[in-house]
Amino acid sequence: MNITLSFIINTATYVVVIVVVLYRTFKDKIMKPFWKRLIMALSAFAFVAVVGSAGFSIFGPGSYVQPFITLITSMCGSFIPYIVLNYNLGQCLFISGIVKCYADDIALIATVFYYLVSDEIPAFYMEFPVWPIMTITILSFPFIMRFFTKLMRPALDCGGILSSWSYTWLAPFMTNVMYAVYMQPVFTEITDFPGKEFSFVPFLWVILTFSSFCILLKALVGQSAAVRLQEELHISEIQMTAQQKQLEHLQDHIENTARTRHDMRHHFLAMKGFAVNKDYERMAEYLNSCLSDIDRQERNICTGNTALDTMLGYYMHMAEDGGIDVRIKVELDGPLIVSDTDICIIMGNLLENASEACGRQDSSRRYIKVNIHQTGNILVIMTENSYSGTIQKQDGTFLSSKAKMRKGIGITSVLDVTKKYHGIPKFVYDGEIFKVSLLLNGNHK
């Protein structure tokens, strides 16, 4: 069976429309090197399209082999987004499954549309005319474009923390299987076409399948929002607890200061006695003891930003109570360039993760270092902590140590805030230390 010009145009229509939709929706998610990966994807997509077309040409749409060719080419094409887009494997499989469903639905609706207009369909798919495909493609393009930009892209972006993507891709995959096994051979062959009384079935098929996809994506967005809300509530609870602890430490500091002032006369009398007796060695020991008490009383953080002081003070005292060595250095040349909410999200998640990592550590050398430096509109936040064990990652995303195979919500929240300020994150770990460096830009607006 020869490949006709109409078949080439129809196939090219699929390819062009799908490429346009994917590029306009995901162009900012293409990994570097941009053009190299884009060319690789287009080449792979063209190869799969040629193989599928060859299967139609050699075996014909009525062959029992054709459904298997459809499934094989669909599965091969499923991995194309994974080599190009900055999403995990489950998300990429979902994208490719939706793309295949859309391409199949164009062919299906075009076939029924042509049958309703001309009361026949070509005996061979290679002879299918161009105008039905072009008509359905033009009419459906605004809807599929809106589906990708308004539903799929938000669901993919906000749902990266969910483990649901590891099996969500099965929905479009099983849709493709059902289409290849049942819908395609029945509604694209003149010998099996059920007639006009059943011509509503393909339209119902398209409506039901894409309605299911819309509901599924909406559910994923809602689930992601619930997870993030839970994380925000967790941070709020920590902030309230930290403020309470900060007030308690402040009250202790006030009481200690008052006690120190009351005892000052006795200290002066004691040092006068040492001086009169020329016992300078005991005088030095007494002064060191007094200074040590003063240092312990002044272990409160005072950066000028209440939210930052609260979070740093809370985790510092909590870590020290657990026997963890804490070193904090803060240098701010003015008001903090990030909002109180954002600094709480960053420091709350980083310090909570660091404290938990030190808490799970068996060795006695446990420490947390915090270095915060702001110059002009540039804020640099660096944390370092000891840990033992392995860091689990999946598709470049840190996995939570609290829930098996779940994305780390805390780190994801930190990365979201960093992106909000057009910042640069960096993570370094080697089995003994874990370092996080964030560079935030205060001119993000």
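None of the values given here were measured: they were computed from a predicted structure.

Colleague: Is there a simple way to think about the overall build of the protein chain in this case?
Modeller: Along the protein chain, the regular secondary structure elements total 12 helices and seven strands. Across the 445 residues that make up the protein chain, the buried fraction comes to 44%. Within the protein chain, contacts between residues separated by at least 24 positions form 72% of all contacts whose residues are at least 6 apart in sequence. Total accessible area on the protein chain is roughly 23800 Å²; 62% of this is exposed by carbon and sulfur atoms.

Colleague: Could you clarify how one ought to interpret the nonpolar core in this entry?
Modeller: Ile 95, Phe 147, Phe 148, Met 152, Phe 210 and Leu 217 are the most contacted members of the largest nonpolar core, which has 53 residues in total. Elements with a contribution of two residues or more to this core: helix H1 (5–26), helix H2 (34–59), helix H4 (89–118), helix H5 (130–158), helix H7 (170–187) and helix H8 (200–276). Considering every element that reaches this core, the biggest residue donor is H4, with 16 residues. Apart from the residues lying within four places of it in its own chain, the contact partners of Leu 217 are Phe 94, Phe 147, Leu 151, Met 152, Ala 155 and Trp 165. Listed in part, the 41 residues of the second largest apolar core include Ile 238, Val 338, Leu 350 and Ile 368.

Colleague: Would you mind showing me how to read the packing of aromatic side chains here?
Modeller: The geometry of an aromatic ring pair comes down to the distance between the two centres and the angle between the two planes. Evaluation of the coordinates by the stated rule reveals 14 aromatic pairs. Ring geometry for Phe 34 and Trp 35: centres 5.1 Å apart, planes at 85 degrees, overall edge-to-face. Assessed through its relative accessible area of 22%, Phe 34 is described here as partly exposed. Relative to Trp 131, the ring of Tyr 114 lies with its centre 5.7 Å away and its plane at 55 degrees, an arrangement referred to as tilted. Of this pair, Tyr 114 sits in helix H4 while Trp 131 is found in helix H5, placing the two residues 17 residues apart along the sequence. Given a relative accessible area of 39%, Trp 131 falls into the partly exposed group. Put simply, the rings of Phe 26, Tyr 87, Phe 147, Phe 148, Phe 210 and Phe 213 touch in pairs and so form one group of aromatic residues.

Colleague: What exactly am I supposed to notice about the sheet that holds strand S2 (residues 367–375) here?
Modeller: To summarise the sheet geometry, strands pair through backbone hydrogen bonds and adopt either a parallel or an antiparallel arrangement. Across the sheet, which stays open at both edges, the five strands sit in the order S1-S2-S3-S7-S6 with mixed pairing between neighbours. Looking at which strands have only one partner, the edges of the open sheet turn out to be strand S1 (325–332) and strand S6 (424–429). Averaged over all adjacent pairs, the angle separating strand axes in this sheet is 5 degrees, with direction ignored. Across nine bridges, strand S3 (residues 378–386) lies against strand S7 (residues 433–441) in antiparallel orientation. Looking at the pairing, Asn 385 lines up with Phe 434 of S7.

Colleague: Got a minute to help me understand the environment of Glu 432 in this structure?
Modeller: By secondary structure assignment, the location of Glu 432 is in the loop between S6 and S7. Spatially, the C-alpha atoms of Glu 432 and Thr 390 are 9.2 Å apart, while their sequence positions differ by 42 residues.

Colleague: Got a minute to help me understand the side chain of Thr 13 in this structure?
Modeller: Mapped onto the secondary structure, Thr 13 falls in helix H1. Thr 13 sits in the buried class, given a relative accessible area of 11%.

Colleague: Which parts of the structure should I look at to understand unusual backbone geometry?
Modeller: Keep in mind that most residues, glycine aside, have a negative phi and that most peptide bonds are trans. That bond from Lys 32 to Pro 33 is cis: its omega, -5 degrees, falls within 30 degrees of zero. For His 422, which is not glycine, the phi dihedral falls at a positive 50 degrees. Along the chain, His 422 falls in the loop between helix H12 (409–420) and S6.

Colleague: Looking at this model, I keep getting lost on a nonpolar patch on the surface. Mind explaining?
Modeller: Taken together, Met 40, Phe 79, Tyr 82 and Ile 83 make up a surface patch of nonpolar side chains, about 340 Å² in accessible area. By the element assignment, Tyr 82 lies in the loop between helix H3 (66–78) and H4. Residue Tyr 82 is classed as partly exposed on the basis of its relative accessible area of 33%.

Colleague: I keep staring at helix H10 (residues 306–321) and nothing clicks. Help me out?
Modeller: Side chains three or four residues apart in an α-helix point the same way, a direct result of the helix having 3.6 residues per turn. Over its 16 residues, H10 runs 22 Å from end to end, which matches the ideal 22 Å to within 8%, given 1.5 Å per residue. Burial analysis of H10 places 12 of its 16 residues in the buried class, the great majority of the element. For H10, every residue scored as buried is listed here: Ala 307, Leu 308, Asp 309, Thr 310, Met 311, Leu 312, Gly 313, Tyr 314, Tyr 315, Met 316, His 317 and Ala 319. Between a side-chain oxygen at the N-terminus of H10 and the backbone nitrogen of Ala 307 the separation is 3.2 Å; the capping residue is Asn 305. Downstream of H10 by a residue or two, Gly 323 has a phi angle that is positive, lying close to 80 degrees.

Colleague: How should I be thinking about a positive patch on the surface in this particular structure?
Modeller: Where like charges cluster on the molecular surface, the positive patch consists of Arg 365, Lys 369, Lys 426 and Lys 435. Here Lys 426 is to be found in strand S6.

Colleague: Would you mind showing me how to read the pattern of salt bridges here?
Modeller: For side chains of opposite charge, pairing can occur when their charged atoms come near one another. Within this structure, the stated rule accounts for six salt bridges. Between Arg 153 and Asp 28 there is a salt bridge, and its shortest N-O distance comes to 2.9 Å. Taken together, the residues Arg 153 in helix H5 and Asp 28 in the loop between H1 and H2 connect sequence positions 125 residues apart. For Asp 157, the salt bridge identified is with Arg 153, shortest N-O distance 2.6 Å. Of this pair, Asp 157 and Arg 153 both sit in helix H5, four residues apart, which is roughly one turn of that helix. The exposure class of Asp 157 is partly exposed, given its relative accessible area of 36%. Exposure remark for Arg 153: the relative accessible area of 13% places this residue in the buried category. Overlapping salt bridges bring together Asp 28, Arg 153 and Asp 157 as one network.

What counts, and at which threshold
Residues numbered from 1 in each chain as written. Predicted model: local features only at pLDDT ≥ 70, side-chain atom pairs only at ≥ 80, totals over all residues. Heavy atoms only, no water. Helix = DSSP H or I, 4+ residues; strand = E, 2+ residues; numbered from the N terminus. Buried < 20%, exposed > 50% of the residue type's maximum accessible area, 1.4 Å probe, protein only. Contact = heavy atoms within 4.5 Å. Areas by Shrake-Rupley, 256 points an atom, 1.4 Å probe, with all protein chains shown as cover. Core = buried A, V, L, I, M, F, W, Y, C linked by side-chain atoms within 4.5 Å. Phe/Tyr/Trp six-rings, centres within 6.5 Å; stacked < 30°, edge-to-face > 60°. Pairing = 2+ DSSP bridges. Axes fitted to C-alpha atoms, helices over the stretch in contact; angles between N-to-C directions. Patch = residues over 30% accessible without salt bridge, like charges linked within 9 Å, V, L, I, M, F, W, Y side chains within 5 Å. Salt bridge = Lys/Arg side-chain N within 4 Å of Asp/Glu carboxyl O. Expected span 1.5 Å × (residues − 1). Polar contact = N/O pair within 3.5 Å; in protein donor to acceptor, adjacent residues only side chain to side chain. Lys, Arg positive; Asp, Glu negative; His and termini not counted. Charge placed at Lys NZ, Arg CZ, Asp CG, Glu CD.

In short, geometric facts, not functional conclusions.
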